[in-house]
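This is what each chain is made of:
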Amino acid sequence: MNSHRYDESYRQLSAEVHDAGLARRRHAYYAASILGWILALAGIMVAVAFLGDTWFQLAVAILAGVVLTQLGFLTH
């Protein structure tokens, strides 16, 4: 009996989300976002090559961790 009430509540919420356009796919956004993060990763790789064997690579490693985490979220 309670499940019918929850089902109806979910249907109403789902209809509002779809009517507002919040569930539509945004292919261009994700393509641009992935491209941006890949370019950031390429920049990080260039920075690693130019920095050589220095302690500054630790800062670059932190940035690489952030970029790779974002790419993981976007591509999973």
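It should be noted that the structure appears before, not after, this text.
Residues numbered from 1 in each chain as written. Predicted model: local features only at pLDDT ≥ 70, side-chain atom pairs only at ≥ 80, totals over all residues. Heavy atoms only, no water.

This part takes up the overall build of the chain. Across its full length, the chain holds three helices and zero strands. The linear arrangement of helices and strands in the chain, starting from the amino end, is α-α-α. For a compact globule of 76 residues, the expected C-alpha radius of gyration is about 11 Å, and the chain comes in at 21 Å, more than 25% above that figure. Dimensions of the chain along its principal axes, counting C-alpha atoms only, are 65 × 25 × 15 Å. (Helix = DSSP H or I, 4+ residues; strand = E, 2+ residues; numbered from the N terminus. Rg over C-alpha atoms; globule rule 2.2 N^0.38 Å.)

Here a ring pair, both rings aromatic, is described through the centre-centre distance and the interplanar angle of the planes. Tallying each qualifying case throughout the model produces one aromatic pair. Considering the side-chain rings of Tyr29 and Tyr30, the 5.1 Å spacing of their centres and the 75° angle between planes classify their relative orientation as edge-to-face. Overall, the relative accessible area of 41% leaves Tyr30 in the partly exposed class. (Phe/Tyr/Trp six-rings, centres within 6.5 Å; stacked < 30°, edge-to-face > 60°. Buried < 20%, exposed > 50% of the residue type's maximum accessible area, 1.4 Å probe, protein only.)

Our focus in this paragraph is helix 2 (residues 27–51). Relative to the 36 Å expected for 25 residues at 1.5 Å per residue, helix 2 spans 36 Å between its end C-alpha atoms, a close match to the ideal helical length. Positive backbone phi, at 70°, marks Gly52, one or two positions downstream of helix 2. (Expected span 1.5 Å × (residues − 1).)

Quick look at the environment of Val46 now. Of note, Val46 is situated in helix 2. On a C-alpha basis, the gap between Val46 and Arg25 in space is 33 Å, while along the polypeptide they are 21 residues apart.

What follows covers the pattern of salt bridges. Summed over the entire model, instances satisfying the criterion amount to one salt bridge. Between Glu8 and Arg11 there is a salt bridge, and its shortest N-O distance comes to 3.6 Å. Highlighted residues: Glu8 and Arg11, both in helix 1 (residues 2–19), separated by three residues, approximately one helical turn. (Salt bridge = Lys/Arg side-chain N within 4 Å of Asp/Glu carboxyl O.)

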